[in-house]
Amino acid sequence: MVSATARIFPGLKIKSSHARARLVLVGLVVLLGVLVLLAVDKGAVEISLAQCLAIIGHKLGLTLPWPFTAQQAATLIDIRLPRVLLGVLVGAGLGVSGAAMQGLFRNPLADPSLVGISAGAALAATLVIIVGDVVSFHLPPLVQLCALPIAAFAGGLLTTVLVYRLATIAGQTVVATLLLAGIAINALAQSFSGLITFYATDTQIRSITFWKLGSLGGATWPSVMVAAPFILAPVLLFPRLARGLNALLLGEAEAGHLGIDIERVKRVTIFLVALTVGAAVAVTGIIAFVGLVVPHLLRLLVGPDHRRLLPDAALLGASLLLGADLVARTIVAPAELPIGVLTALIGAPFFLWLLLHDRKWRVIH
Amino acid sequence: MRIGAKELLAGVSLELRAGELVAVVGPNGAGKSTLRRVLCGDTQPTSGEVWMNERPLAAWSLIERARVRAVLPQDSTLNFPFTAFEVVLMGRTPHVRGAESAHDYEIARAALAATEAEHLTERLYPTLSGGERQRVQLARVLAQIWEPPATGARYLLLDEPTSNLDLAHQHSTLASARRFARAGVGVLVIVHDLNLAAQYADRIVMLKDGRVVAAGTPAEVLTQAAIRATFDMPVLVTRHPALDCPLVVPTPEQR
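Basis of the calculations
Residues numbered from 1 in each chain as written. Chains lettered and ligands numbered in written order. Predicted model: local features only at pLDDT ≥ 70, side-chain atom pairs only at ≥ 80, totals over all residues. Heavy atoms only, no water. Helix = DSSP H or I, 4+ residues; strand = E, 2+ residues; numbered from the N terminus. Rg over C-alpha atoms; globule rule 2.2 N^0.38 Å. Buried < 20%, exposed > 50% of the residue type's maximum accessible area, 1.4 Å probe, protein only. Contact = heavy atoms within 4.5 Å. Areas by Shrake-Rupley, 256 points an atom, 1.4 Å probe, with all protein chains shown as cover. Phe/Tyr/Trp six-rings, centres within 6.5 Å; stacked < 30°, edge-to-face > 60°. Lys NZ or Arg CZ within 6 Å of the ring centre and 35° of its normal. Buried area = accessible area lost by both parts, 1.4 Å probe. Salt bridge = Lys/Arg side-chain N within 4 Å of Asp/Glu carboxyl O. Lys, Arg positive; Asp, Glu negative; His and termini not counted. Polar contact = N/O pair within 3.5 Å; in protein donor to acceptor, adjacent residues only side chain to side chain. Expected span 1.5 Å × (residues − 1). Patch = residues over 30% accessible without salt bridge, like charges linked within 9 Å, V, L, I, M, F, W, Y side chains within 5 Å.

## As for the overall build of chain B
Assigned secondary structure in chain B consists of nine helices and 12 strands. The C-alpha atoms of chain B give a radius of gyration of 18 Å, which matches the 18 Å a tight globule of 255 residues would have. By principal-axis analysis of the C-alpha atoms, chain B measures approximately 55 × 40 × 30 Å. Buried residues in chain B amount to 56% of all 255 residues. Considering only contacts in chain B between residues 6 or more positions apart, those separated by 24 or more positions represent 64%. Split by element, the accessible area of chain B, about 10,800 Å² in all, is 51% carbon and sulfur.

## Brief notes about the packing of aromatic side chains
For the structure shown, the criterion picks out five aromatic pairs over all chains. Relative to Trp353 of chain A, the ring of Phe350 of chain A has its centre 5.7 Å away and its plane inclined at 35°; by these criteria the two rings are tilted. A residue pair is termed a helical-turn pair when its members lie 3 or 4 positions apart in one helix, as Phe350 of chain A and Trp353 of chain A do in helix α15 (residues 339-357) at three residues. You can call Trp353 of chain A partly exposed: its relative accessible area is 38%. In this structure, Arg55 of chain B packs its charged tip against the face of Trp60 of chain B, placed 4.4 Å from the ring centre.

## Notes on the interface of chain B and chain A
On the chain A side, the residues contacting the 40 residues of chain B number 32 residues. Summed over both partners, the interface of chain B with chain A buries about 3,000 Å², with 57% contributed by carbon and sulfur atoms. Where chain B meets chain A, there are two salt bridges. Arg243 of chain A is the partner of Glu100 of chain B in a salt bridge, and the nearest nitrogen-oxygen pair spans 3.8 Å.

## Considerations on the side chain of Arg106 of chain A
You can see Arg106 of chain A is positioned in the loop between α4 (70-104) and α5 (117-135). Summary of buried charges: Arg106 of chain A has no salt-bridge partner, and the nearest side chain of opposite charge, Glu254 of chain A, is 6.2 Å away. Side-chain polar atoms of Arg106 of chain A contact the backbone oxygen of Thr77 of chain B, separated by 2.5 Å.

## Some details on the side chain of Ser97 of chain A
Along the chain, Ser97 of chain A falls in helix α4. With residues up to four places along the chain from it excluded, the contact list for Ser97 of chain A reads Pro112, Phe238, Val273, Thr276 and Val277 of chain A.

## Here's the deal with helix α8 (residues 202-213) of chain A
Between its terminal C-alpha atoms α8 of chain A stretches 17 Å, which fits the 16 Å expected from 12 residues at 1.5 Å a residue. Backbone geometry just after α8 of chain A places Gly214 of chain A at a positive phi near 80°.

## Here we look at a nonpolar patch on the surface
A cluster of nonpolar residues, Leu53, Ile56, Leu60, Leu62, Leu64 and Trp66 of chain A, forms a patch on the protein surface that exposes about 570 Å² of accessible area. Relative to the assigned elements, Leu64 of chain A resides in the loop between α3 (49-59) and α4.

Here it is, written out as structure tokens:
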């Protein structure tokens, strides 16, 4: 029943589609704001918003009239704020790179985790953990921290290029090949991880499991600082590709005839996706399906125009991940679910629904 | 727009002048689409050159080309739910920095009207029929070169724009192509229907096995002998009873 939902109110006039797009954008900003406040507020240690202000004010040297305990202050500053910031960063990165990848592949099924890019990045990160354990004593901590995102980026880049080459024949992306390549690359990454696990120590196995499940639990200020430039730069640069990605949806030749340098658009998109996904995987592990679900929901609301889709996808991705993390760490408190488990729990049925009902976009043919 | 190329096309020399409609006809595999790809720069000729407005095509940047030359390829796949209007508006891409202006919206609307597709404006492209899609795509390429550039002529290359269309829309498509030609655009149309070519083209180029076998006015090119030799099909050519052009009637030997 896509025709009914493909655009909410498709009959409205063109002018009002701008108004609707603005409304959606404002709504997404508000949603993210509310979720940030909730995420800061809720948890094993309750901190009211006033207390949050007071704690942050205290850090800045201001005295505000709301009392707070030292435990609350430590929780907010050292645990919750970095976690919320990392959730926003990674969610935005996954959302926007999912949207860009679907544009690049001209197919709404392309998602960094489905086609193996996250797995490739995670494998590279795992290798760095193992190798890093051997050599890290000689390296300063900042280098160790940066080695992980850089390795994950390289792994992501390699798999993105590989998948793109495999799945694109004469300018057309063959979906079956795309998904099969994803299966193969995921399997390959798994077997390598398995091999590594076989030789790994217990501590290393814990770290490797962490990559596979995905979690915001490891968020620290250094991890935020390391991930921020790798994710923020692409999130801000992606919208510049919007017009090229739009034209690319018409077809490669057609985009070329419209004056778009398609090779450049493809190269830059692949590079930015690998950068974002690599950094995201390096700090949180594999969080699947955010990049798949977010652009789909937004296309229903604002249509496929990347000039709206890309910024919206960053916002909704951030909200979705924050929301999922909020559930993951409160539903079985004081323990917490791995967030990757939660997103897959929502994402996998959505994916199936897409396969079964979305004939209009002919995603399987 | 001039060309000379080889192999898939051998010794093809063609000039497309501003203000005229040239139809390219020929059997399947004659090299019509190859010619179109060479003309628009998708394929590099192994020898020979394409010139556009007194400059070799290779010296034009992609965006410069896109501002004066629009191309409608044979089949386009677009599976994302753009409205027909948004598809047409994308034709304005080479002219737009930032957001489209009200002027671009006007042009997109006018282009949809020109291809009799106004009623499709708000429809989602993936829900359109083959013929409707073809008219929306035609509107997109018309919108791309809707206005004359500051200097030089515009060119429109249409690769089988009528393949999915019903009788009335085949004619309205070629009629709007010819209106564009009359407004000073050099229009090249690849068609299979010889009578469509006869009625709308100023000149016809007949290709076979990558070579030009005949070129000239419809009356010069569409002769019984030339058509029989090129298409391996006996035909009768008479005067069109109502129009000043030849009429081709196929007369297959066995019925």
